[in-house]
Amino acid sequence: MPTSARTYGQFCGLARALEIVGERWSLLVIRDLMLGPKRFNDLQRTLPRIPVSILTSRLNELEESGVIRRRVLSQLDAGVVYELTEYGCELDHIVLDLGLWGARSLSYPRADEVYTLDTAIISLYTTFQEEEAAGVHVNYELHHLGGEMIVHAMVDDGSLKASAGSLPAADLVIEPQGPAILDLLNGSLSAQDAISSGKVRVEGDPAHLELFTRLFHIPPAPERPTGLSVH
């Protein structure tokens, strides 16, 4: 339970939730543990800018709140990993929904912003449109950063399994150039234009790229109001 110095002093579920996961870096730690258990060093790699002291504090706080737990691996693979508890796993859809909400305000990445393998995988879950995937069976392999980072997505009748690495049975291999993947996801670049302009290279049936833009999509954010609102 949060200490009194770090509470909002309100008897409210939202206030309590923010007391548990609202500290800086907490939700990003949870985001990366959504993909499976990780060692402390693994989290340092997926969150390269978090100070060691802050990562230690966040893990301790989340463990005390029952969101994560530590587990000792077998002797053959000795060590301690952190993983989400059943209570922590209930945050999955909340984190994905919040990620999609935030993605609607994304512009091109700045030079000082990192794009990690875990982020690439989570972005597939974040933008996945279940209703568009009903009855669909298709596999994708995506090459980011010139092929240095490879992830795959397997769509099976409304469900998605995404992970790191290549997929020999992929129906389409997608290699976006620069920020073209964001343009595809938010609809500012059509599949046909992406291929014809060379902004996206594909291996396989090009029709699967148009399907990809329907299966993985970032809806546009509402236009920002200007001036004063008068009723």
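Values in this document were obtained by computation on a predicted structure and should not be read as measured data.

(A) Highlighting the overall build of the protein chain. When helices and strands are counted, the protein chain shows 10 helices and seven strands. Projected onto its principal axes, the C-alpha coordinates of the protein chain cover approximately 65 × 60 × 40 Å. Considering only contacts within the protein chain whose residues lie at least 6 apart along the sequence, 60% involve residues at least 24 apart. With an accessible surface of roughly 13,800 Å², the protein chain has 54% of that area assigned to carbon and sulfur atoms. Looking at charge distribution, the protein chain has the averaged site of its 19 positive side-chain charges lying 8 Å from that of its 31 negative ones.

(B) Highlighting the packing of helix α2 (residues 26–33) against helix α4 (residues 52–64). The contact between α2 and α4 brings their axes to 10 Å, and the two run at 75°. By the angle class used here, α2 and α4 are roughly perpendicular. Counting all contacts with α2, which are made through Ser26, Val29 and Ile30, the residues of α4 involved are Leu55, Arg58, Leu59 and Leu62. The residue makeup of the contact of α2 with α4, split by class, is five nonpolar, one polar and one charged.

(C) Geometry of a nonpolar patch on the surface. Nonpolar side chains collect at one region of the surface, where Tyr8, Leu14 and Leu18 lie side by side and expose about 330 Å² of accessible area between them. Mapped onto the fold, Tyr8 is located in the segment before α1 (13–21). The class for Tyr8 is exposed, based on a relative accessible area of 51%.

(D) Fine view of the side chain of Arg31. By the element assignment, Arg31 lies in helix α2. Accessibility expressed as a relative area gives 15% for Arg31, which makes it buried. In this structure, Arg31 is in contact with Thr46, Leu47, Val95, Thr119 and Ile122, ignoring residues within four places of it in sequence.

(E) Main features of the packing of aromatic side chains. This structure, assessed with the given rule, holds three aromatic pairs. Ring plane angle 45° and centroid distance 5.7 Å describe the contact between Phe128 and Phe216, whose orientation is recorded as tilted. With Phe128 in the loop between α7 (117–127) and β3 (137–144) and Phe216 in the segment after α10 (207–215), the pair connects residues that are 88 residues apart, well separated along the chain. For Phe128, a relative accessible area of 12% corresponds to the buried category. Phe216 gets classed as buried once you look at its relative accessible area, which sits at 0%. Ring geometry for Tyr140 and Phe212: centres 5.1 Å apart, planes at 70°, overall edge-to-face. Here the residue Tyr140 occupies a position in strand β3, and Phe212 occupies one in helix α10, the gap between them amounting to 72 residues. Each member of the pair Tyr140 and Phe212 is classed as buried.

(F) View of helix α6 (residues 92–103). Compared with the 16 Å implied by 1.5 Å per residue over 12 residues, the 16 Å span of α6 between its first and last C-alpha is a close match. Contact partners of the buried residues in α6: α2 and α7.

(G) Structural context of the nonpolar core. One finds Tyr140, Val155, Ile174, Leu209, Phe212, Leu215 and Phe216 to be the most contacted residues of the largest nonpolar core, which totals 34 residues. Tallying contributions element by element places helix α8 (residues 180–186) first for this core, with five residues. Residues in contact with Phe212, not counting those within four places in the same chain, are Tyr140, Leu142, Ile174, Ile181 and Leu185. By size, the runner-up hydrophobic cluster in this structure holds 21 residues, among which are Leu33, Leu62, Val67 and Ile68.

(H) Representation of the sheet that holds strand β7 (residues 200–204) within the structure. Strands sit in the order β5-β4-β3-β6-β7 across an open sheet of five strands; the sheet is mixed. The open sheet has two free edges, formed respectively by β5 (159–164) and β7, since each of these has just one partner strand. Neighbouring strand axes in the sheet, compared pairwise and without regard to direction, differ in orientation by 20° on average. One ladder, built from six bridges, connects strand β4 (residues 149–156) with β5; its direction is antiparallel. Residue pairing across strands places His152 opposite Ser163, the latter belonging to β5. Seen against the sheet, α10 touches β3, β4, β6 (172–176) and β7 and runs at an angle of roughly 90° to β3.

Rules used in this analysis
Residues numbered from 1 in each chain as written. Predicted model: local features only at pLDDT ≥ 70, side-chain atom pairs only at ≥ 80, totals over all residues. Heavy atoms only, no water. Helix = DSSP H or I, 4+ residues; strand = E, 2+ residues; numbered from the N terminus. Contact = heavy atoms within 4.5 Å. Areas by Shrake-Rupley, 256 points an atom, 1.4 Å probe, with all protein chains shown as cover. Lys, Arg positive; Asp, Glu negative; His and termini not counted. Charge placed at Lys NZ, Arg CZ, Asp CG, Glu CD. Axes fitted to C-alpha atoms, helices over the stretch in contact; angles between N-to-C directions. Parallel < 35°, antiparallel > 145°, perpendicular 65-115°, else oblique. Nonpolar A, V, L, I, M, F, W, Y, C, P; charged D, E, K, R; others polar. Patch = residues over 30% accessible without salt bridge, like charges linked within 9 Å, V, L, I, M, F, W, Y side chains within 5 Å. Salt bridge = Lys/Arg side-chain N within 4 Å of Asp/Glu carboxyl O. Buried < 20%, exposed > 50% of the residue type's maximum accessible area, 1.4 Å probe, protein only. Phe/Tyr/Trp six-rings, centres within 6.5 Å; stacked < 30°, edge-to-face > 60°. Expected span 1.5 Å × (residues − 1). Core = buried A, V, L, I, M, F, W, Y, C linked by side-chain atoms within 4.5 Å. Pairing = 2+ DSSP bridges.

Don't take any of this as a statement about function, it's just geometry.
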